[in-house]
Amino acid sequence: MIIIQEKIVSTQLFKKSFICNLSKCKGACCWEGDFGAPLEQDEIEAIRDSYEVIKEYLPAANREYIDTNGLTVYYKGMDAEGTMLMPDNSCVFMNKDHNGIAVCGIEQAHRDGKTEFKKPISCHLYPIRVSKNEKTNFEALNYDVWDICSPACQLGEEMKMPVYQFLKEAIIRKYGEAFYEEMDAANEYVNRDVV
């Protein structure tokens, strides 16, 4: 672990490789798992404010489920509010393209210029998971290992792409340019003995 701007950062973000390989995994992170995407308070509000636009990008079954159950739910297991899941455990904001690849309705609406909200930062940052303790102001960035991401790890190794570099846009979105530049410097330090 190293410290960057008072945040604890796992060295795995520099040592492990990753590039999402949607042609292999089909976006399984959108329908696997026990919880929806963790949400920050401002994201919950952004989703609620944009839902009339976002719902145009969702299957009818998802819209009906949201009408009955809501957009978000508190997950005791992760001690956070997250996106609601359908009965099959897929995210309520998930759709699929013609190749069967998961597509985020929130992100589609953003790409079409219909909402400023891109998607939950927890999705954008994945496989980085952020642990926070609001009382102590503790924040840690960790690398989350999930077997469904094996194709992403393999492609990342082939392309020699460290996790943090693959997630440059998301890291800058969350923490700013200066934080990312410090990660670049940390990468050189962490990997200084690697040939």
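Residues numbered from 1 in each chain as written. Predicted model: local features only at pLDDT ≥ 70, side-chain atom pairs only at ≥ 80, totals over all residues. Heavy atoms only, no water.

Take the pairing of strand β7 (residues 128-133) next. Where β7 lies against strand β8 (residues 138-143), 6 bridges are found, and the strand directions are antiparallel. If you follow K132 over to β8, its bridge partner there is E139. Adjacent in sequence and paired antiparallel, β7 and β8 are bridged by 4 residues, among which N137 carries a positive phi angle near 65°. (Pairing = 2+ DSSP bridges. Helix = DSSP H or I, 4+ residues; strand = E, 2+ residues; numbered from the N terminus.)

Mapped onto the fold, T72 is located in strand β3 (residues 72-75). Of the residues examined, T72 reaches a relative accessible area of 13% and is grouped as buried. Engagement of the side chain of T72 in a polar contact is seen with the side chain of E81, the distance being 2.7 Å. Residue contacts for T72: discarding those within four places in its chain leaves L39, I44, R48, E81, G82, T83 and M84. (Buried < 20%, exposed > 50% of the residue type's maximum accessible area, 1.4 Å probe, protein only. Polar contact = N/O pair within 3.5 Å; in protein donor to acceptor, adjacent residues only side chain to side chain. Contact = heavy atoms within 4.5 Å.)

It is worth spelling out the side chain of E107 at this point. One can find E107 in helix α5 (residues 105-111). Every residue in contact with E107, bar those within four places of it in the chain, is listed here: K118 and K119.

As enumerated under the stated definition, the model contains 6 aromatic pairs in all. With a centroid separation of 6.1 Å and an interplanar angle of 80°, the aromatic rings of Y126 and W146 are classed as edge-to-face. One end of the pair, Y126, is in the loop between α6 (121-124) and β7; the other, W146, is in the loop between β8 and α7 (150-159), with 20 residues separating them in the sequence. Aromatic pair Y164 and Y180: ring centres 5.5 Å apart, planes at 35°, arrangement tilted. (Phe/Tyr/Trp six-rings, centres within 6.5 Å; stacked < 30°, edge-to-face > 60°.)

Backbone geometry follows two general trends: most residues other than glycine have a negative phi, and most peptide bonds adopt the trans configuration. Residue Y126 is joined to P127 through a cis peptide bond whose omega torsion reads 20°. Along the chain, P127 falls in the loop between α6 and β7. Positioned with a positive phi, E6 is a non-glycine residue whose angle comes to about 65°. Within the secondary structure, E6 sits in the loop between β1 (2-4) and β2 (7-9).

A few words on the sheet that holds β8. The strands making up a sheet associate through backbone hydrogen bonding, with each pair oriented either parallel or antiparallel. Across the sheet, 4 strands lie side by side as β1-β2-β8-β7; this open sheet has mixed pairing. On the outer flanks of this sheet lie β1 and β7, each paired with one strand and no other. For this sheet, the mean inter-axis angle between neighbouring strands, taken without regard to orientation, is 25°. Against the sheet, helix α10 (residues 177-190) engages β1, β2 and β8, with an angle of about 150° to β1. (Axes fitted to C-alpha atoms, helices over the stretch in contact; angles between N-to-C directions.)

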